[in-house]
Amino acid sequence: MLHEQIALALNKQITLEAQSSHTYLAMAVWAETSGYDGTAAFLYEHAEEERMHMLKLMRFVNERGGVAIVPPLTAPAVGYPGLDAIFQSILEHETTVTASINSVVDECLTLKDYTTHNFMQWYVAEQIEEEAMARKILDKLALVGGDRGALYLFDRDILSLAGSPNA
Ligand code: FEO
């Protein structure tokens with residue numbers, strides 16, 4: 001049976017993952033309607049991944065005798081100033097997600113919940129990848145600078161840059 005505090009922490013994480021999916025979806029819509037088809041494909045795929053992160057947590061909470069809460073979400077931004085702003089905001093967002101995951105792990109240790117601690121290791125590893133990917137993309141964008149031709153190539157190649165399985 002899940003400790004009440006762990007169930008609370010996991011449900012908070014569920015909200016964060018759901019909100020991430022929602023935010024990436026809004027970014028994907030902006031990219032698609034701004035001519036960045038490759039970036040849109042990457043962001044739609046990322047939104048799906050976040051939904052999967054949410055579901056995995058929900059199923060775990062239910063399986064362990066808790067009740068997963070389907071969270072209300074806040075409306076994400078509609079417009080974005082550009083690709084740099086999007087990926088900067090993704091990096092900041094993922095850093096927040098990492099901190100939140102670390103605090104769940106911390107709570108597991110405090111309450112000696114080694115099962116949830118073990119389950120959360122998947123998320124710890126995933127966050128290393130997510131942050132690294134956002135940094136890698138930001139580095140590429142810095143190389144592109146304001147060059148339109150290079151931006152065109154960036155958008156065309158983003159799925160392979162990000163190491164996407166669908167590239
Ligand atoms: Fe599921 Fe990007 O954190």
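What comes next is a walk through the structure. Note that the structure is predicted; figures quoted are calculated from it, not measured.

1. Examining the packing of helix α1 (residues 4-32) against helix α3 (residues 83-110)
Right, so step 1: Where α1 contacts α3, the two axes come as close as 10 Å, and the packing angle between them is 170°. Taken together, the axes of α1 and α3 lie roughly antiparallel to each other. Contacts between α1 and α3 involve Gln5, Ile6, Ala9, Leu10, Gln13, Leu16, Glu17, Ser20, Tyr24, Met27 and Trp30 from the former and Leu83, Ile86, Ser89, Ile90, His93, Glu94, Val97, Ser100, Ile101, Val104, Glu107 and Cys108 from the latter.
Right, so step 2: Here the contact of α1 with α3 is composed, by residue class, of 14 nonpolar, 6 polar and 3 charged.

2. Here's the deal with the packing of aromatic side chains
Right, so step 1: Within this structure, the stated rule accounts for 7 aromatic pairs.
Right, so step 2: Residues Trp30 and Tyr36 carry aromatic rings whose centres are separated by 5.8 Å and whose planes lie at 35° to one another, so their mutual orientation is tilted.
Right, so step 3: Arranged with centres 6.3 Å apart and planes meeting at 75°, the rings of Trp30 and Tyr80 form a pair that is edge-to-face. Here the residue Trp30 occupies a position in helix α1, and Tyr80 occupies one in the loop between α2 (37-63) and α3, the gap between them amounting to 50 residues.
Right, so step 4: Overall, the relative accessible area of 15% leaves Tyr80 in the buried class.
Right, so step 5: Put simply, the rings of Phe60, Phe119, Trp122 and Tyr123 pair up and form one aromatic cluster.
Right, so step 6: Directly above the ring of Trp122 sits Lys56, whose terminal nitrogen or CZ lies 4.5 Å from the centroid.

3. So, unusual backbone geometry
Right, so step 1: A positive phi angle, close to 55°, is found at Lys112, a residue other than glycine.
Right, so step 2: Tracing the backbone through its elements, the reader meets Lys112 in the loop between α3 and α4 (114-144).
Right, so step 3: For Lys112, a relative accessible area of 59% gives the class exposed.

What counts, and where the lines are drawn
The numbering scheme is per chain: residues are counted from 1 as the chain's sequence reads. Given that the model is predicted, a residue must reach a pLDDT of at least 70 before its local features are reported, and side-chain atom pairs must reach 80 or more before they are shown or counted; all residues, however, enter totals for whole chains, interfaces and linings. For the side-chain quantities, the full set of heavy atoms in the structure was used; hydrogens and water were omitted. Fitted lines through C-alpha atoms serve as axes, helices being fitted only where they are in contact, and the angles separating the N-to-C directions of these axes extend from 0 to 180 degrees. In this text, helices come from DSSP runs of H or I with a minimum length of four residues, and strands from runs of E with a minimum of two, each type numbered from the N-terminal end. Relative orientations are named as follows: roughly parallel for angles under 35 degrees, roughly antiparallel for angles over 145 degrees, roughly perpendicular for angles from 65 to 115 degrees, and oblique for any other angle. Contacts between residues were defined by any pair of non-hydrogen atoms, one from each residue, lying within 4.5 Å. Residue polarity is assigned by list, with Asp, Glu, Lys and Arg as charged and Ala, Val, Leu, Ile, Met, Phe, Trp, Tyr, Cys and Pro as nonpolar; anything else, Gly included, falls into the polar class. When two rings of Phe, Tyr or Trp (its six-membered ring) have centres within 6.5 Å they constitute a pair, described as stacked for plane angles under 30 degrees, edge-to-face for angles over 60, and tilted for the intermediate range. Accessible area is worked out with a 1.4 Å probe on protein chains only. A residue is then buried under 20% of its type maximum, exposed over 50%, and partly exposed in between. Criterion for a charge above a ring: Lys NZ or Arg CZ within 6 Å of the ring centre, and within 35 degrees of the ring normal.

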